[in-house]
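Below are the chains, spelled out letter by letter.
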Amino acid sequence: MRTIYDLNLQETEEMLKAKGQKAYRAKQLYSWLYRKHASSFSEMSDLPASLLEQLQEEYCIMPLEEADRQTARDGTAKYLFRMQDGSFVETVLMHFHFGESLCVSSQVGCNMGCTFCASGLLKKQRDLTAGEITAQVMYVQKELDKEEKRINNIVIMGTGEPFDNYDNVMNFCRIINSDHGLAIGARHITISTCGIVPKIREFAAGHYQYNLAISLHAPNDELRRKLMPVDRAYPLDELMAALKDYSEDNHRRLTFEYILLHGVNDSDEDGKQLADLIRGMNAYVNLIPYNSVDEHGYQSATDRQALHFYDVLMKNGVKATLRSRHGEDIDAACGQLRAKHERNKQPQ
Ligand code: SAH
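The rules we used
Each chain carries its own residue numbering, running from 1 in the written order of its sequence. With the structure being a predicted model, the display of local features is reserved for residues of pLDDT at least 70 and the display and counting of side-chain atom pairs for 80 or more, all residues being used for whole-chain, interface and lining totals. Excluding hydrogens and water, the side-chain values take into account all heavy atoms of the structure. Any two of the Phe, Tyr and Trp rings considered here, Trp counted by its six-membered ring, make a pair once their centres fall within 6.5 Å; the pair's planes then place it as stacked at under 30 degrees, edge-to-face at over 60, or tilted in between. Every helix listed is a DSSP run of H or I at least four residues long, and every strand listed is a run of E at least two residues long, numbered separately from the N terminus. Only protein chains enter the accessibility calculation, which uses a 1.4 Å probe; a residue whose area is less than 20% of its type maximum is buried, one above 50% is exposed, and one in between is partly exposed. Throughout this description, the term charge over a ring refers to an Arg CZ or Lys NZ atom that lies within 6 Å of the ring centre and within 35 degrees of the ring normal. For this analysis, a salt bridge means a side-chain nitrogen from Lys or Arg found within 4 Å of a carboxyl oxygen belonging to Asp or Glu. When we say a residue is near a molecule or strand, we mean one of its heavy atoms is within 4 Å of it. The definition of a polar contact used here is a pair of N or O atoms within 3.5 Å, where within protein one atom must be able to donate a hydrogen and the other to accept one, and adjacent residues in sequence count solely through side-chain atom pairs. For every accessible area listed, the method is Shrake-Rupley and the probe measures 1.4 Å; residues are considered covered only by the protein chains on display. Residue ranges labeled as domains rest on an automatic or database domain assignment. By definition in these notes, contact holds between two residues if any of their heavy atoms fall within 4.5 Å. When two parts are put together, the accessible area they lose, computed with a 1.4 Å probe and summed over both, is reported as buried area. This arc is built from the directions going out from the helix axis to the C-beta atoms.

Colleague: Help me out: how do you make sense of the packing of aromatic side chains in this one?
Modeller: For any pair of aromatic rings, the description consists of the separation of the ring centres together with the inter-plane angle of the planes. Following the criterion strictly, the structure yields 13 aromatic pairs and no others. Taking the centre distance of 4.8 Å and the plane angle of 65 degrees together, the rings of Tyr30 and Tyr34 count as edge-to-face. Taken as a pair, Tyr30 and Tyr34 lie in helix α2 (residues 24–35) at a separation of 4 residues, close to a single helical turn. On the basis of relative accessibility, which here comes to 1%, the residue Tyr30 falls in the buried class. With centroids separated by 5.6 Å and ring planes inclined at 35 degrees, the aromatic side chains of Phe203 and Tyr246 adopt a geometry described as tilted. A residue pair is termed long-range when its members are at least 10 positions apart, and Phe203 in helix α6 (residues 197–205) and Tyr246 in helix α9 (residues 236–250) qualify at 43 residues. Note on Tyr246: relative accessible area 1%, which makes it buried. Taking NZ or CZ as reference, Lys36 lies 3.9 Å from the ring centre of Trp32, over its face.

Shown next as structure tokens:
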């Protein structure tokens, strides 16, 4: 059954109009869903009973259920959700000094095939709908309601490639960004892509205020190709040209994500090449410690190496940040918890 979270405000208006309702009912419904965090249609007391009955027949509210949860010592919580079709999806809640940040998945599995990533261990089964992504936020928000906390930052960095599910992801952003909904500020929503150039150009043309992060992970095509097959389709010169256009047209700062893999992409030479690639752009590099994935055999650079790499970038004129580790003692890397559950489902 379709979830009501699939509909953005305009679609909600159209749906209600088709049922003979006035447009203002859409805002009422939205308010129940996203302000009062209603779990059932029956509690929406200012909507006509006949309408609620119709809605109940056609839509569910929560299209997922919690199948597992791991909480790390630092409070990072990883949720494993079971969708209506039995597939599993992961969502990670992180506590920062600036608030609660949620990392959502955009697809069931992923086809990008990055060689270091656990998500790609299982090929893409399907795209998630806008409502299924929204539901990840709403489920965790309802849990946080108990502690009177609010999710105020969203990163689309869970399993899946958001720009391989472009329309649903953009609709999800619209839904959670809506003033009548959760009203999460556009600048508090980050879309992370492995670099699908035509979609970056489409995104640029839309002049959205959401943040864009690029998973770079290598400073040249030769190495990037080994780590990320997407580089064959969209090599670095095309990617960087699209990003420069985006950043200049939209006056937006870009984030480049760079996982430091020991002995693979963390040499001084790699750092210098990376600086040459990025210098002059309105951008910074977010250096990310690697969460080891048993199946892949890569190792994270040590903290010392990471700090050194950071220095190389800064000395060569590129701003960088070192991301602190979160949820190290749980399976917090993209796709890890899900991969484990899928494995456990298989007969031994
Ligand atoms: N497909 C999108 C979003 C999902 S991945 C993208 O590629 O950006 C989110 C980020 O986590 C990416 O930068 C990805 O490369 C990184 N990542 C994947 N596996 C990781 C791991 N084991 N440890 C640390 N980061 C990882």
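Colleague: I would appreciate a short explanation of the pattern of salt bridges in the present structure.
Modeller: Pairing is possible between side chains that carry opposite charge, provided their charged atoms lie close to one another. Applying the stated rule across the entire model yields 17 salt bridges. Note that Glu143 is salt-bridged to Arg69, the shortest N-O span being 2.9 Å. Remark: Arg69 occurs in strand β3 (residues 64–71) and Glu143 occurs in helix α4 (residues 130–145); sequence separation between them is 74 residues. A relative accessible area of 19% places Glu143 in the buried class. Between Arg126 and Asp85 there is a salt bridge whose closest N-O contact spans 2.7 Å. Here Arg126, found in strand β8 (residues 126–127), pairs with Asp85, found in the loop between β4 (77–83) and β5 (88–96); they are 41 residues apart in sequence, far enough to count as distant. Note on Asp85: relative accessible area 49%, which makes it partly exposed. Here the salt bridges do not stand alone but share partners, grouping Glu66, Arg69, Glu143 and Lys146 into one network.

Colleague: Looking at this structure, I do not really get the site of the ligand. What am I missing?
Modeller: Taken together, 20 residues lie near the ligand, and Glu161, Ser192, Ser215, His217 and Asn291 sit nearest. Within the backbone of Gly160, an N or O atom sits 3.0 Å from a nitrogen atom of the ligand. Within the side chain of His217, a nitrogen or oxygen atom sits 2.6 Å from an oxygen atom of the ligand. About the coverage of the ligand: the protein hides 93% of its 530 Å² of free accessible area.

Colleague: Explanation requested: the domain arrangement of the chain in the structure shown.
Modeller: Frequently, the measure chosen for interface size is the accessible area that the parts lose on association. What the domain assignment lists for the chain is domain 1 (4–58) and domain 2 (64–345). Computed over C-alpha atoms, the centres of domain 1 and domain 2 are 33 Å apart. Listed by partner, the interface residues are 15 residues for domain 1 and 18 residues for domain 2. Taken over both partners, the interface formed by domain 1 and domain 2 buries close to 1,300 Å², and the fraction arising from carbon and sulfur atoms is 55%. If you sort the residues of domain 1 by the area they bury against domain 2, Tyr5, Tyr34 and His37 come out on top, with a joint share of 45%. Linking domain 1 to domain 2 there are 0 salt bridges. Across the domain 1-domain 2 interface, the total number found is 9 residue pairs in polar contact (both at pLDDT 80 or more).

Colleague: For this particular structure, what's the right way to read unusual backbone geometry?
Modeller: Even without being glycine, Glu148 reaches a positive phi, approximately 55 degrees. With respect to the element layout, Glu148 can be found in the loop between α4 and β9 (151–156). Even without glycine at this site, Ala183 takes up a positive phi of about 55 degrees. Along the polypeptide, Ala183 turns up in the loop between α5 (166–177) and β10 (189–193). The class for Ala183 is partly exposed, based on a relative accessible area of 32%.

Colleague: Please clarify how helix α10 (residues 268–278) should be interpreted in this entry.
Modeller: Because the α-helix completes a turn every 3.6 residues, residues three or four places apart line up on one side. Asp270, Gly271, Leu274, Ala275, Leu277 and Ile278 are the residues of α10 that are buried. For α10, the arc enclosing every buried residue in end-on projection is 160 degrees, short of the 170-degree limit, so these residues lie on one face. Summarising the contacts, the buried residues of α10 are in contact with α7 (221–227), α9, β12 (254–260), β13 (283–289) and α11 (303–315). Of the residues trailing α10, Gly280 is marked for its positive phi of about 95 degrees.

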